[in-house]
There are 2 protein chains.
Amino acid sequence: MFDTRIAEVAQGVTARLQAALAAYPGQIGAAMAHATGGGKRLRAFLVCEGAALHDVDPVAAMDAAAAIEAMHAYSLVHDDLPCMDDDDLRRGLPTVHVKWDEATAVLTGDALQTLAFDLIAHMPLAADRVVTLTAGLARASGGVGMVLGQAMDIAAETAATPLTLPEITELQAKKTGALIEWSAQAGPVMAAADTGPMGAYARALGLAFQIADDILDVEGDEAETGKRLRKDDDAGKATFVSLLGLDGAKAEAARLTDSACDALAPYGPRADALRQAARFVIARQS
Amino acid sequence: MFDTRIAEVAQGVTARLQAALAAYPGQIGAAMAHATGGGKRLRAFLVCEGAALHDVDPVAAMDAAAAIEAMHAYSLVHDDLPCMDDDDLRRGLPTVHVKWDEATAVLTGDALQTLAFDLIAHMPLAADRVVTLTAGLARASGGVGMVLGQAMDIAAETAATPLTLPEITELQAKKTGALIEWSAQAGPVMAAADTGPMGAYARALGLAFQIADDILDVEGDEAETGKRLRKDDDAGKATFVSLLGLDGAKAEAARLTDSACDALAPYGPRADALRQAARFVIARQS
């Protein structure tokens, strides 16, 4: 069920992004298309599934799904820059600054962030809900959310002492958790419904996702993940694996997955695809 | 009158930005404050003056003014990066990547763009007008607006032939004109009034502003402008001065200033501060 649904969402969100990017000319447009062209589309899936659970118009939901994938893509393009993580491979393809150049990568990320807000602002949805989505997205992505998490991550690389478990948990809640939480809550926000269950689900899922990422960095295959691995260990960085051990990290990810599934109880079996998504997150190989 | 009003606006917008940035911790918060700490505040003035002409709540207007200054500051931080214009001086102070480092500059610009949308989303204003302001700001700043203009500017540096007058006019309308136009139209948008006169004023003003910038680049004093000059000439780039000659550029700037002032006719003498602003733009020394 999850496999079919996320494949459908991926197709829909790619089409929505292509339609939006048709208005973007030249090299910037090509680089924006390159940067948004792939990925698991987990965030888009969370938006669409949360929207379906609340009987939200799927067209409006797809705009929000495209917006969060544009926001996520912007963060990857900037994170991959030489002055940041210096990655030359992403989703099995050259990163934007490798395929073009650094200036193009900076501008492409900038334009993708703007596109995210642009897509939300043009959603076929009551204005007060558009404003709530916009305010939430701004809070999740900027200098008190994702960008702050990224800055904490960079600062940790040169810090005298490695991060503790509470510190790395807070860092990840900002760096990757905030956008995942926005995605899961977008459906109830669009329906003006209670965001509590989807919020609790997303916070557990987001942390499980990051722990799984740390496990993949140790156990994964570069060809299968499409990105460079074993960087954290090389850099001597604290990770969930270095702090909890491999078995401990796996146990914590499994515990968080159960917790994510439990949070969906109010929705009953209608939320089974979201439960499968949580199981997928810790079982994935890329 | 203009002098007093822009000084008042500058004080208000700086206070509003400081209040917003109090929530931003650590180095990112410090760099965001550094990047938004100065400047002429012309865009903020346009927002506040346009709002006053339409009897808009000055508190809401100041939020929009702070938003456009955050957006403008983000564009400067990224434009100053080594991979872009490579500037080490801005408003007489070291640029963000010089005072801190490149990663901090990328993230600071990213967070300032988000802050702009955050400020708009939290304005004390009817939701439909917030959405209109957000949609307009996204259109003005991203890959079909300011960022596209910046990309065109970078592409022009390595192009085989210099830009023509229509090409450079289009480039500047996107690169600097779009945010100036949004600023001038924010007041009528907030009041749900006709944006026509302020739009026409802003398009003429924006172009005059850029021509004045090109003139300053030739005639200006580095100590007074607080930034590096004579870069365009060194790079062999087409400018309004290289295309029109110094006298021709001055005449065109004067003609555009008259045109900007004429566009304000529906407002009568209430718009005199905006007319003075247009005169200031071509007479300024920094």
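Every chain is numbered on its own, with residues counted from 1 as its sequence reads. By the order in which they are written, chains take letters starting at A while ligands take numbers starting at 1. It should be noted that, the model being predicted, local features are given only for residues of pLDDT at least 70 and side-chain atom pairs only at 80 or more, the latter also being counted only at that level, while totals for whole chains, interfaces and linings use all residues. Excluded from the side-chain calculations are hydrogens and water; all other atoms, namely the structure's heavy atoms, are used.

As annotated in an unreviewed UniProt entry, chain A carries the name Geranylgeranyl diphosphate synthase and comes from Pseudooceanicola nitratireducens. UniProt positions are given in the numbering used here, feature names are shortened, and annotations may be inferred rather than shown by experiment. In the Cofactor (unreviewed entry) part of its UniProt record, chain A is described as follows: "Mg(2+)". We quote the UniProt Sequence similarities (unreviewed entry) comment for chain A here in full: "Belongs to the FPP/GGPP synthase family."

Asks: Give me the overall build of chain A: which residues, what numbers.
Replies: Summing up its helical and strand segments, chain A has 14 helices and two strands in all. The C-alpha atoms of chain A give a radius of gyration of 18 Å, which matches the 19 Å a tight globule of 286 residues would have. Principal axes of the C-alpha set define a box for chain A whose edges measure 50 × 50 × 35 Å. In this scheme, a residue with accessible area under 20% of its type's maximum is buried, one over 50% is exposed, and one in between is partly exposed, where area comes from a 1.4 Å probe on protein chains only. Looking at chain A residue by residue over its 286 residues, the buried ones come to 57%. We call two residues in contact when some of their heavy atoms are within 4.5 Å. A fraction of 73% describes how many contacts in chain A between residues 6 or more apart in sequence connect residues 24 or more apart. Under the convention used here, a 1.4 Å probe and the Shrake-Rupley method define accessible areas, while residue burial counts only the protein chains that appear. Accessible surface computed for chain A: about 10700 Å², of which carbon and sulfur atoms make up 53%. When charges are counted, Lys and Arg are positive and Asp and Glu negative, with His and the chain ends excluded. Where a charge sits is defined by one atom per residue type, namely NZ (Lys), CZ (Arg), CG (Asp) or CD (Glu). In chain A, 24 positive and 39 negative side-chain charges are present, and the distance between their average locations comes to 3 Å. Under the DSSP-based scheme used, a helix requires at least four consecutive residues in state H or I and a strand at least two consecutive residues in state E, with every element numbered from the N terminus. Atoms considered for the radius of gyration are the C-alpha atoms alone. The globule rule reads 2.2 Å times the number of residues to the power 0.38.

Asks: Tell me what's going on with the pattern of salt bridges, and back it up with residues and numbers.
Replies: Each reported salt bridge corresponds to a side-chain nitrogen of Lys or Arg within 4 Å of a carboxyl oxygen of Asp or Glu. All chains considered together, the criterion is met by 28 salt bridges over all chains. Via salt bridges that share partners, Asp153, Glu157, Lys175 and Lys237 of chain A belong to a single interconnected network.

Asks: Residue-level account of the relation of the copies chain B and chain A, with values.
Replies: You can overlay chain B on chain A at an RMSD of 0.0 Å; the transform is a turn of 180 degrees with a shift of 0.0 Å along its axis. Classification of the inter-copy transformation places it as that of a two-fold axis. Every residue of chain B has its C-alpha some distance from the rotation axis, and the shortest such distance is that of Ala127 of chain B, at 2.7 Å. The share of interface residues of chain B whose copies in chain A are also at the interface is 100%, consistent with both copies meeting through the same surface. All copies are superposed by least squares; the fitting set is the C-alpha atoms of residues with a pLDDT of at least 70 in both.

Asks: Describe the side chain of Thr257 of chain A, listing the residues and the values that go with them.
Replies: Mapped onto the elements, Thr257 of chain A comes out in helix α13 (residues 240–263). The residues contacting Thr257 of chain A, other than those within four sequence positions of it, are Ala208, Ala278, Arg279 and Ile282 of chain A.

Asks: Please give an account of the interface of chain B and chain A that cites residues and values.
Replies: Listed per partner, the contact involves 38 residues of chain B and 38 residues of chain A. Buried area is calculated as the accessible area (1.4 Å probe) missing from two parts once they are joined, with the contributions of both summed. Here chain B and chain A share an interface that buries about 3200 Å² over both sides, 75% of which is from carbon and sulfur atoms. Contact with chain A buries surface across chain B, with Leu107, Thr114 and Val131 of chain B losing the most and accounting together for 15% of the total. One salt bridge connects Arg139 of chain A with Asp118 of chain B, and the closest N-O pair in it is separated by 3.0 Å. Under the rule applied, a polar contact is a pair of N or O atoms within 3.5 Å (in protein, one hydrogen donor and one hydrogen acceptor; residues adjacent in sequence only if both atoms are side-chain atoms). Linking chain B with chain A are eight residue pairs in polar contact (both at pLDDT 80 or more). Contributing elements (two or more residues each) for the side of chain B that touches chain A: α4 (58–79), α6 (102–121), α7 (127–141) and α8 (146–157) of chain B. Per element, the largest residue contribution to the side of chain B that touches chain A is 11 residues, and it comes from α6 of chain B.

Asks: I'd like to hear about helix α14 (residues 272–283) of chain A, residue by residue, with values.
Replies: Residues and elements named next belong to chain A. Between the first and last C-alpha of α14 there are 16 Å, a value that for 12 residues agrees with the 16 Å anticipated at 1.5 Å per step. Within α14, burial applies to Ala273, Leu274, Arg275, Ala277, Ala278 and Val281. The inward-facing, buried residues of α14 abut α1 (2–21), α3 (42–53), α10 (196–219) and α13. Helix span, as expected, comes to 1.5 Å for every residue beyond the first.

Asks: Which residues make up the packing of aromatic side chains, and what values go with them?
Replies: Each Phe, Tyr or Trp ring (for Trp, its six-membered ring) is paired with any other whose centre lies within 6.5 Å, and the angle between the two planes then decides the class: stacked below 30 degrees, edge-to-face above 60, tilted in between. Under the definition given, this model contains five aromatic pairs over all chains. Between Phe2 of chain A and Phe45 of chain A the ring centres are 5.0 Å apart and the planes differ by 85 degrees, which places this aromatic pair in the edge-to-face class. With a gap of 43 residues between them, Phe2 of chain A in helix α1 and Phe45 of chain A in helix α3 connect regions that are remote in the sequence. Here the two residues Phe2 of chain A and Phe45 of chain A agree in accessibility, since each one is buried. For the pair Phe117 of chain A and Phe117 of chain B, a centre-to-centre distance of 4.2 Å together with 15 degrees between the ring planes defines the contact as stacked. Placement of the pair is Phe117 of chain A in helix α6 (residues 102–121) and Phe117 of chain B in helix α6, with the two residues belonging to separate chains. Like Phe117 of chain A, the residue Phe117 of chain B is buried in the burial classification. Taken together, the aromatic side chains of Phe2, Phe45 and Phe280 of chain A make up a single cluster linked through ring pairs. Charge-over-ring contacts are defined here by two conditions on Lys NZ or Arg CZ: a distance within 6 Å of the ring centre and an angle within 35 degrees of the ring normal. Over the ring of Trp100 of chain A we find Lys99 of chain A; its NZ or CZ atom is 5.4 Å from the centre of that ring.

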